[in-house]
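# Analysis of the macromolecular model
Residue strings, one per chain:
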Amino acid sequence: MGKTARSMMFGERDVDALLETHAGRIAALTDALHLARAKSEHSSPVGAGTPYDSIWALRFVLSHDDDAEALSAATRTLRWREENAEMLAAAARGETLERFAPMERLIAADYHGKTLDGAPVYIIRAGLSNTMAVMAANKEDDVVEFMMYRKEMGAVMCDERTRRTRKLTKLLTVNDLNFVSVLHGTDKKFQKVLSRASKLSEDYYPQLLDRAVLINVPYVFSAIWGVFKNMLSAKTRAKVAICPVSDTRKGDVRKCPFAKLLDLSTIPSFLAGECRCKGGCVRGVANDQKTLIGAMTDDGLIAHNVPARGKIDVFAEVDATDAVAWRLLVEKGGVEVTATLRPAGWRKGDDVSKCTTLIRKFKHRDGDGTKEDVIVSPGKGTIAFTFSNAHSTWNSKDIKYSVDVVGGESGAAKEGEKETETDPTDLTDLTDLTEDKRESPAADALGEDLRAMQLEATPARAQTEVPSR
Ligand SMILES: [Zn+2]
């Protein structure tokens, strides 16, 4: 898409030209706010030397054709900002609040990457976010506040970039609907939260949202959308872009014009980008994950039911020599365990011989207790653990597991751990280490060292997928 087409699509963005065009209305708005402040209707600073200046006022003027409406929205916004000063300050510093922690763990959404114009991108992995669990454990008001906290972070980024580049910068949100189940559609409590947050955002963050892109939209949703869109205001509807790309994990974004505006080198692999952050691009959820973020049990294990004839895959993004600690407990019966390293950039359908077996298939049974082990990755890529129940025709299996990347060579050196003698390129050695650990005293010592390291390191949590659901 050419520059002209883009500027036509997104309108005028030259801040100085906009300030000049709307100078009269901006002055009227800031004067009125100053006057109100003098009458102490609100005590927020308004004017030069603060973020509440003409550039701040410009967004209100652009969003409201009527001066009185612009003033009313700006006044409400200032009052709200005063009441939420603590949360807004935390967002501006990039810090989180303790009360958000239980939500952040369950919602796979965050700022990651940028558009070709350098604007921030907010990525929501709707199919993985466990909104039911969020709503079960948190008050509606707190969840709304959390949404606004994330919005403020984007506003701060956009404002900073606007001032630096003199181009009015707005957010692009990308909502990945891959793996969204019908269950989500019935999550009324969370939909209420979303609707409240979006209403507040329209008021308090004018001209912030550029486009809300829905990508990997399931067929059923596309059909519903034709009806649903008529219930939205024209303003909101105009900002929503639907991209019925079958699956961006396969790298296809050609059918999505808005995805073409993304700087794909900064965008996660599940959206056809090139980024594969260690531990996962968005909130430490593995890029290859396909299922809801699990709620963890007290012992730090994730409980999961493996269906009859089914399996679950758990992924961990690793660098060479990273140690991965894993645990497995089967409630009744047994599951077959394997672990394979997929090299960086490998996708399903690529040459399987490029993958390296790290754990040869073995069966772990209920009588074996909790299996605990550490493997060291021989290379950069994705380790896929498979807990398979394919052998069982009738019985599903309840398992508990954890897979944590606990640190690499540099971490070991920092802790003063003994150097391992393993050649990271020698795969045979590593497989042997994993499987013959109990027989070999040297290997056992290595395992102990890695476990000690695990206690020191902050784990990056790995995540799960169930292929058939
Ligand atoms: Zn990333």
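Residues numbered from 1 in each chain as written. Predicted model: local features only at pLDDT ≥ 70, side-chain atom pairs only at ≥ 80, totals over all residues.

## Brief notes about unusual backbone geometry
- The phi dihedral of Arg166 falls on the positive side, at around 60°, and the residue is not glycine.
- Relative to the helices and strands, Arg166 is located in the loop between helix H9 (140-165) and strand S3 (171-176).
- We note that Arg309 has phi near 60°; this positive angle belongs to a residue other than glycine.
- For Arg309, the position within the fold is in the loop between strand S6 (302-306) and strand S7 (311-318).
- What makes Arg309 partly exposed here is the crowd of 15 C-beta atoms within 10 Å. (Helix = DSSP H or I, 4+ residues; strand = E, 2+ residues; numbered from the N terminus. Buried ≥ 20, exposed ≤ 12 C-beta atoms within 10 Å, placed from the backbone.)

## Section: the environment of Glu104
- Structurally, Glu104 can be placed in helix H7 (residues 101-104).
- Since 18 C-beta atoms lie within 10 Å of it, Glu104 is described here as partly exposed.
- For Glu104 and Arg283, which are 179 residues apart along the polypeptide, the C-alpha to C-alpha distance reads 7.7 Å.
- Here Glu104 is in contact with Thr96 and Arg283, once residues within four sequence places are set aside. (Contact = placed C-beta atoms within 7 Å.)

## A closer look at the nonpolar core
- Grouped together as the largest cluster of nonpolar side chains are 78 residues, with contacts concentrated most on Ile215, Ala316, Val324, Ile383, Phe385 and Phe387.
- Each of domain 2 (85-271) and domain 3 (302-465) contributes no fewer than three residues to this core.
- With residues near it in sequence (within four places) discarded, Phe387 still touches Val306, Lys311, Ile312, Leu328, Val335, Val337, Ile399 and Tyr401.
- Grouped together as the second largest cluster of nonpolar side chains are 14 residues, Phe60, Val61, Ala70 and Leu168 included. (Core = buried A, V, L, I, M, F, W, Y, C linked by C-beta atoms within 7 Å. Domains from an automatic or database assignment.)

## A few points about H9
- If you check H9, its first and last C-alpha atoms are 38 Å apart, about what 26 residues at 1.5 Å a residue would give, namely 38 Å.
- Val143, Phe146, Met147, Met148, Arg150, Lys151, Glu152, Met153, Gly154, Ala155, Cys158 and Thr162 are the residues of H9 that are buried.
- Just downstream of H9 lies Arg166, where phi reads positive at about 60°. (Expected span 1.5 Å × (residues − 1).)

## Details of the sheet that holds strand S2 (residues 120-125)
- Spatial strand order, S1-S2-S3-S4-S5: five strands in an open sheet with mixed pairing. Each of the sheet's edge strands pairs with one partner strand only, and the pair in question is strand S1 (109-114) and strand S5 (240-243). Between one strand and the next, the sheet's axes are offset by a mean angle of 25°, whatever the strand orientation.
- Pairing between S3 and strand S4 (residues 209-215): six bridges, direction parallel. Paired with Asn175 across the strands is Leu214, a residue of S4.
- Lying over the sheet, H9 contacts S1, S2 and S3, oriented at roughly 160° with respect to S2. (Pairing = 2+ DSSP bridges. Axes fitted to C-alpha atoms, helices over the stretch in contact; angles between N-to-C directions.)

## So, the pairing of S2
- Counting buried positions along S2 gives six out of six residues, so the element sits mostly inside the fold.
- Judged by which residues are buried, S2 turns out to be covered on both faces: Pro120, Tyr122 and Ile124 on one side and Val121, Ile123 and Arg125 on the other are all buried.
- Two elements, S1 and S2, share four bridges in a ladder whose sense is antiparallel. Bridging from a neighbouring strand, Lys114 pairs with Pro120 of S2.
- Here S1 folds back onto S2 in antiparallel fashion, the turn holding five residues, of which Gly118 has a positive phi close to 90°.
- Relative to S3, S2 runs parallel, the two sharing five bridges. Each bridged residue has a counterpart across the sheet, and for Ile124 the counterpart in S3 is Asn175.

Distances and angles like these do not, on their own, reveal function.
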